[in-house]
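Letter by letter, the chains look like this.
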Amino acid sequence: MDLSSCCWRLRCWGTRDPMFLTGVSFPPDWPVYSETLIKLSVYGVNDGYQQTSNFLGSSSFSVADFLQSKDQQLSLSLRTADDSATVGTVVVSRMKMGEIEDGEVDHITADMHQKCTLVYESSHGRINDKDNGPIMNAVFKNAVCKVYRFQTVDSKGMLVREQMAECTLSFSIPKQLIALYIQEDTCRIQELKDLGELSPHWDNLRKDVISRYDQIIKEYQDTLAELEKLTGPLFKPSCSKGQKYLEFIPINLHTQRMRVTCPRKTDSFYDVVTVGAPAAHSHGFKNGGLQKLLSKYETEKKSFSTAYQCIYYPPEQAAKAREILCVVSQLQPHISALADQLLQTAHQSPIQPLRDILKSLEEKTEQFVHALKDELVKSALLALHAARPGYISKSQTSAPSSPHPGATEEPHSVCNNVDGSQTPSKESRASPIRSDSIPHHKEYDEEEWDRVWASVAKSLNCVIALVDKLQEQDNNNLEPAPSHTLADVITSHNPDPPLTAAVCRDQLGVKVQSLKECVAEVAERARCSVSFVLLQEAACSTAQGLQLQQRRDAVFSQALAALACGFVMRLYAGLEDKGFLRQLHAVGLVAQFESLLSTYSEEIGMLEDMEVGISDLHRVAFRITEAASEEAASLQPTVSGRRDRYTVEVPLPHHAFQALPDELRQGKPLHVLPVLFNVGINEQQTIAERFGDISLQERINQKNFEILEGYYKSLTNTVPSECLPCFQTQTDIKELLDTLGQNVVTKKRKNVEILWLAGMICRRINGIRFTSCKSAKDRTSMSVTLEQCSLLRDEHQLNKDYFVRALDCMRSGRLAQGEVAQWDDPEVGSVAINKPASRHFYPIALLLVSSHLLVVWLILSLVFLLAKYQ
């Protein structure tokens with residue numbers, strides 16, 4: 001008897017109802033001998049918010065006893081741990097792969113002869129050890145598992161293991177984001193206060209803007225406090241989508257993994273993340289979603305800018321101002337730290353480490369100067385000067401402005417460098433200027449800003465020249481070879497004899513300090529200028545602008561939580577795939593969001609919210625770090641940054657981190673390209689296609705197809721095809737893209753082929769798959785199960801005669817009460833469950849009040865029924 005093809009089923013009876021049902025399948029190469037002793041330990045799972053396992057008892061038997069038993073079935077006593085009492089009975093029975101045990105296995109009956117078997121179902125709460133268990137269990141919790149047996153084309157069985165889990169990131173990412181929102185808005189308030197003295201008009205506007213930020217901060221603090229109190233499930237159920245304090249939490253965020261085990265083949269697995277469409281349900285959709293509201297808001301802002309005497313800055317200019325503010329905040333402390341390190345190394349180390357530090361200092365300073373040469377900064381400084389009290393414009397003077405009485409103009413002081421060149425003296429740059437030190441009493445010199453940031457480059461040249469002299473001293477080279485660098489050109493004019501190393505180090509300290517002061521002065525001026533730009537943008541905003549910012553924050557929080565969940569799951573699955581890791585650091589990954597929302601009624605607003613939220617994910621980068629320990633708390637991803645740029649750090653245990661390529665271990669930012677494809681599939685979409693407008697869906701699909709096509713071109717130019725996964729179906733990716741492009745522009749109702757092709761392309765390029773509808777329940781589950789059965793058919797030779805039965809078997813435990821999705825598959829036809837229409841658009845009693853309303857109701861009901869049963 002060959003026990004390797006057996007499936008062991010265990011059922012436990014205690015003093016009450018049956019409590020436990022599970023199963024184990026031995027792979028073909030498992031060595032089974034009659035002397036093997038099998039010990040059974042039985043645990044009970046307590047349902048509730050915190051699932052825990054309690055030890056019930058144990059028993060043991062040998063394979064020989066089992067083979068010699070009557071009907072190959074053993075009834076064993078279940079004993080307590082101390083063997084003092086019997087707590088129940090365990091019945092062990094044997095079934096061959098493919099056999100059905102009447103009455104003992106859940107199944108879906110297709111006819112009198114063929115059935116699909118559910119082998120076992122469990123809610124053990126932990127991830128299978130085969131799936132990177134120790135790492136996965138830190139982030140993915142409360143797993144629910146089902147295992148099925150299906151028949152293949154060659155009449156052999158395969159095991160299909162479905163596993164659904166919750167994710168700790170559903171709450172941890174939004175809570176971190178809210179804290180970052182509070183921190184950013186608090187800093188923005190301080191930046192506005194640091195602008196110094198402004199004219200009464202601008203000072204009143206500043207006070208109004210600060211009060212708005214205070215209101216946002218207070219609301220976010222209250223929301224964060226409420227979230228900290230929550231305990232229980234790690235997801236937000238759809239019934240809570242309208243709760244205000246849960247608006248940052250994604251709806252029904254779960255991971256779905258299907259693992260397929262076939263005889264004599266390596267296991268395969270397919271992942272998808274299911275989540276409700278990122279949308280601000282608590283704000284409502286009466287006036288549309290973010291896409292429509294933002295467009296309307298920009299139009300209104302132009303008129304408000306005239307009313308408030310502000311300069312109108314388009315969204316790209318405002319984003320540029322925030323980017324400059326971010327660059328200044330990051331680079332100034334970095335340059336200062338490198339300058340101090342350079343000075344310390346000059347006194348303690350040989351010249352080569354000094355050269356390495358100098359190179360880094362040059363690179364960062366060049367980035368700093370390049371960012372501030374933007375014309376926006378220069379014009380913003382002039383606008384800020386005009387907002388000072390006592391400003392006199394050129395039109396108000398007939399002659400050049402005179403200095404303010406009592407003010408004296410000091411000559412432009414200079415000091416000689418070691419090479420004879422001149423730079424502004426320390427007295428002229430005694431300290432970084434305050435935000436109110438720009439002269440208010442005379443016309444602003446527009447060329448002053450150019451001289452200020454140019455002084456940074458001059459100071460850096462002095463530092464380079466002194467490092468060159470130190471290198472001469474270190475090499476004992478009295479006649480160095482001529483060079484064409486700017487620093488050597490400067491030193492060529494020095495008539496004095498060579499300086500000693502000690503003198504060079506002393507002067508290097510002076511020049512390094514001068515460089516730090518120049519950088520601080522430029523950073524302060526730039527910070528004030530772009531802060532004034534953002535003040536004008538905020539001043540032009542109405543109360544609607546405040547609500548839009550909160551709405552966008554909430555939608556982005558939901559989208560980022562889902563993306564982080566998918567990225568972590570994909571990373572864990574590919575830790576041993578060198579091709580995937582190469583692709584990850586070379587061109588990044590695609591995150592393909594499949595949306596099933598209709599373009600009718602409120603779901604239009606949800607889709608508009610989702611479009612903006614997914615698009616905002618372009619601002620996110622990931623970075624892999626080494627975890628401090630292997631504790632679950634140390635393996636949780638963290639978020640840092642501000643609204644224009646966020647970084648998600650994903651920690652890995654030491655052994656996993658050290659096995660990564662150098663680019664990933666060095667902390668290279670990893671980018672994920674989000675794309676969104678939407679096809680409505682329910683009855684409301686039928687109405688929208690016949691009597692409404694689907695241009696929003698068409699525009700989204702066309703735009704994101706172009707993004708996906710651009711990524712594929714970059715991928716093929718950077719990464720060899722060997723890095724991509726192999727599939728049984730040999731259709732070329734380029735051919736799939738061409739077909740997708742044709743479907744995107746084709747006018748066809750409910751063209752689900754778009755979703756099929758986009759999902760297939762995503763899997764073939766190592767992408768991350770997401771499936772969404774309004775609440776991630778009915779339509780989402782039908783989409784996921786249909787995709788899973790299609791993968792079994794195309795990649796694992798699922799018998800086509802069993803396709804519908806396998807689909808029904810998987811959906812039996814998934815499909816919830818509610819909407820009915822309509823899917824058409826060429827192999828199956830319509831697989832939707834036919835339910836009678838249980839509701840109409842309006843109550844009859846209300847419509848009887850008016851004959852006109854009654855006629856409208858009759859027409860709409862007729863349209864509804866035709867769409868339902870066509």
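Conventions and cut-offs
- Residues numbered from 1 in each chain as written.
- Predicted model: local features only at pLDDT ≥ 70, side-chain atom pairs only at ≥ 80, totals over all residues.
- Heavy atoms only, no water.
- Helix = DSSP H or I, 4+ residues; strand = E, 2+ residues; numbered from the N terminus.
- Buried < 20%, exposed > 50% of the residue type's maximum accessible area, 1.4 Å probe, protein only.
- Contact = heavy atoms within 4.5 Å.
- Areas by Shrake-Rupley, 256 points an atom, 1.4 Å probe, with all protein chains shown as cover.
- Phe/Tyr/Trp six-rings, centres within 6.5 Å; stacked < 30°, edge-to-face > 60°.
- Lys NZ or Arg CZ within 6 Å of the ring centre and 35° of its normal.
- 1 Å grid on protein atoms, 1.4 Å probe; cavity = no way out; pocket = protein on both sides within 12 Å on 5 of 7 lines; lining within 4 Å.
- Points joined across faces, edges and corners; volume = space filled by probe spheres on them.
- pLDDT = per-residue confidence, 0-100.
- Axes fitted to C-alpha atoms, helices over the stretch in contact; angles between N-to-C directions.
- Parallel < 35°, antiparallel > 145°, perpendicular 65-115°, else oblique.
- Left-handed = near helix turned anticlockwise from the far one by under 90°.
- Nonpolar A, V, L, I, M, F, W, Y, C, P; charged D, E, K, R; others polar.
- Salt bridge = Lys/Arg side-chain N within 4 Å of Asp/Glu carboxyl O.
- Pairing = 2+ DSSP bridges.
- Core = buried A, V, L, I, M, F, W, Y, C linked by side-chain atoms within 4.5 Å.
- Polar contact = N/O pair within 3.5 Å; in protein donor to acceptor, adjacent residues only side chain to side chain.

Enquirer: So what exactly am I meant to see when it comes to the overall build of the protein chain here?
Expert: Tallying secondary structure elements over the protein chain gives 24 helices and 22 strands in all. Taking all 870 residues of the protein chain together, the buried fraction comes to 50%. Long-range pairs, those at least 24 residues apart, make up 74% of the contacts in the protein chain with a sequence separation of at least 6. Looking at the protein chain as shown, the accessible area adds up to about 41,100 Å², and 51% of this sits on carbon and sulfur atoms.

Enquirer: Would you mind showing me how to read helix 22 (residues 803-812) here?
Expert: In an α-helix, one turn spans 3.6 residues, which is why side chains three or four residues apart end up on the same side. A large share of helix 22 lies buried, amounting to seven of its ten residues. Inspection of helix 22 places F803, R805, A806, L807, C809, M810 and R811 among the buried residues, and these make up the whole buried set.

Enquirer: Any chance you could explain the packing of aromatic side chains here in plain terms?
Expert: Centre distance and the angle of the planes are the two values used to describe a pair of aromatic rings. Taken as a whole and judged by the stated rule, the model has eight aromatic pairs. Ring-pair connections join several aromatic residues into one group, and the members of that group are Y181, Y220 and F248. The side chain of R257 reaches across the aromatic face of F269, ending 4.5 Å from its centre. Over the ring of F580 we find R570; its NZ or CZ atom is 4.2 Å from the centre of that ring.

Enquirer: Just checking my understanding: could you explain empty space enclosed by the protein for this structure?
Expert: The method is simple in principle: a probe with the dimensions of a water molecule rolls over the atoms, and the space it marks as empty is what remains. Across all of its chains, the model carries two cavities of 30 Å³ or more by this definition. Considered as a void within the structure, the second largest cavity measures approximately 30 Å³ in volume. In this structure, the second largest cavity is lined by Y270, D271, V272, R763, E787, Q788 and L791. Taken together, the elements giving at least two residues each to the lining of the second largest cavity come down to strand 12 (268-274) and helix 21 (778-796).

Enquirer: Is there a simple way to think about the environment of E663 in this case?
Expert: Within the secondary structure layout, E663 lies in helix 16 (residues 662-665). Judged by its relative accessible area of 34%, E663 is partly exposed. Distance in space between the C-alpha atoms of E663 and I624 is 10.0 Å, their sequence separation being 39 residues. Beyond its immediate stretch of four places on either side in the chain, E663 contacts H585 and K668.

Enquirer: Sorry, what's going on with the confidence of the model for the protein chain here?
Expert: Close inspection of predicted coordinates is inappropriate in any region flagged by low pLDDT. Per-residue pLDDT for the protein chain averages 77, and the proportion of residues at 70 or more is 73%. Counting contacts from residues 45-52, a segment whose pLDDT is below 50, to residues more than four positions away or on other chains yields 15 contacts. Scored below 50 in pLDDT, residues 96-115 shows 38 contacts in the model against residues more than four places distant or in partner chains.

Enquirer: What is the right way to read the packing of helix 19 (residues 733-745) against helix 20 (residues 753-764) from this model?
Expert: Packed helix pairs are characterised by how far apart their axes lie and by the angle those axes make with each other. Between helix 19 and helix 20, the shortest axis-to-axis distance is 9 Å and the interhelical angle comes to 155°. With respect to each other, helix 19 and helix 20 are oriented roughly antiparallel. Viewed along their axes, helix 19 and helix 20 form a crossing whose handedness is left-handed. Note on element contacts: helix 20 touches helix 19 through E753, I754, L757, A758, M760, I761 and R764, opposite I733, L736, L737, T739, L740, N743 and V744. For the contact of helix 19 with helix 20, the per-class residue count stands at ten nonpolar, two polar and two charged.

Enquirer: How do you make sense of the pattern of salt bridges when you look at a structure like this?
Expert: A side chain with one charge may pair with a side chain of the opposite charge, provided their charged atoms come close. Following the criterion strictly, the structure yields 31 salt bridges and no others. Of the charged contacts in the structure, one is a salt bridge between R322 and E537, with a shortest N-O distance of 2.7 Å. Here R322, found in helix 6 (residues 315-348), pairs with E537, found in helix 11 (residues 501-539); they are 215 residues apart in sequence, far enough to count as distant. Residue R525 pairs with E521 through a salt bridge whose shortest N-O separation is 3.8 Å. Residue R525 and its partner E521 are located together in helix 11, separated by four residues, close to a single helical turn. By the burial criterion, R525 is buried, and E521 matches it. Members of the salt-bridge network, linked through shared partners, are E184, D185, R188, E191, D553 and R643.

Enquirer: Got a minute to help me understand the pairing of strand 20 (residues 768-772) in this structure?
Expert: One face of the sheet, then the other: side chains in a regular strand alternate in exactly this way. In terms of burial, strand 20 is largely enclosed, as five of its five residues are buried. What you see with strand 20 is no split at all: I768, F770 and S772 on one side and R769 and T771 on the other are buried throughout. In terms of strand pairing, strand 12 meets strand 20 through two bridges, oriented parallel. Across the sheet, residue V273 finds its bridge partner in strand 20, namely F770. Here five bridges tie strand 15 (residues 589-595) to strand 20, and the two strands are oriented parallel to one another. Looking across to strand 20, one finds that Q592 is bridged to R769.

Enquirer: Just checking my understanding: could you explain the nonpolar core for this structure?
Expert: Where a protein is soluble and globular, its nonpolar side chains tend to be buried together. Counting 98 residues, the largest nonpolar core has F140, F567 and F622 as its most contacted members. For this core, the element with the highest residue contribution is helix 12 (residues 543-573), accounting for 15 residues. Discounting residues that sit within four places of it in the chain, F622 has contacts with L563, A564, F567, V648, V650, K668, P669, L670 and V672. Listed in part, the 49 residues of the second largest apolar core include V590, V675, Y802 and C809.

Enquirer: Whenever I open this one, unusual backbone geometry confuses me. Can you help?
Expert: With glycine set apart, most residues show a phi of negative sign, and most peptide bonds adopt trans. Although it is not a glycine, N142 sits at a positive phi angle of roughly 50°. Of note, N142 is situated in strand 9 (residues 140-151). On the basis of relative accessible area, N142 is assigned to the buried category, the value being 16%. Phi at N766 takes a positive value of approximately 60°, unusual for a residue other than glycine. With respect to the helices, strands and loops of the structure, N766 is situated in the loop between helix 20 and strand 20. By relative accessible area, N766 is classed as buried at 4%.

Enquirer: Would you take a moment to explain the pairing of strand 12 for this structure?
Expert: Counting buried residues along strand 12, five of its seven residues qualify, which places the element largely inside the surrounding structure. Bridge count between strand 11 (residues 254-261) and strand 12: seven bridges; the pairing is antiparallel. Among the inter-strand pairings, H254 is bridged to a residue of strand 12, identified as T274.

Enquirer: I keep staring at the side chain of N704 and nothing clicks. Help me out?
Expert: Among the structural elements, N704 can be located in helix 18 (residues 695-718). Overall, the relative accessible area of 9% leaves N704 in the buried class. A polar contact of 2.9 Å, which involves the side chain of N704, links it to the backbone nitrogen of L676. Within polar-contact distance, the side chain of N704 engages the backbone oxygen of I700 at 2.7 Å. Every residue in contact with N704, bar those within four places of it in the chain, is listed here: P674, V675, L676 and F677.

Enquirer: Explain the packing of helix 18 against helix 19 here, please?
Expert: Interhelical geometry of helix 18 versus helix 19 gives an angle of 165° and a closest axis separation of 10 Å. Taken together, the axis directions place helix 18 and helix 19 in an arrangement best described as roughly antiparallel. For the pair helix 18 and helix 19, the crossing hand works out as left-handed. Residue-level inspection shows N701, Q702, F705, L708 and Y712 of helix 18 in contact with helix 19, the latter providing I733, K734, L737, L740, G741, V744 and V745.

Enquirer: Where do I start with the side chain of S58 in this structure?
Expert: Assignment of secondary structure puts S58 in strand 4 (residues 52-62). Among residues more than four places away in sequence, those in contact with S58 are K39, L40, S41, S77, L78 and R79.

Enquirer: Looking at this structure, how should I read the environment of R749?
Expert: By the element assignment, R749 lies in the loop between helix 19 and helix 20. Taking C-alpha positions, R749 is 10.0 Å from I694, a pair spaced 55 residues apart along the chain. Residues within four places of R749 in sequence aside, it is in contact with E689 and R690.

Enquirer: Teacher, can you tell me more about the environment of Q544 here?
Expert: Summarising the element assignment, Q544 is placed in helix 12. Counting along the chain gives 250 residues from Q544 to L294, while the straight-line C-alpha distance between them is 9.8 Å. Setting aside its immediate chain neighbours within four residues, Q544 contacts L293 and E300.

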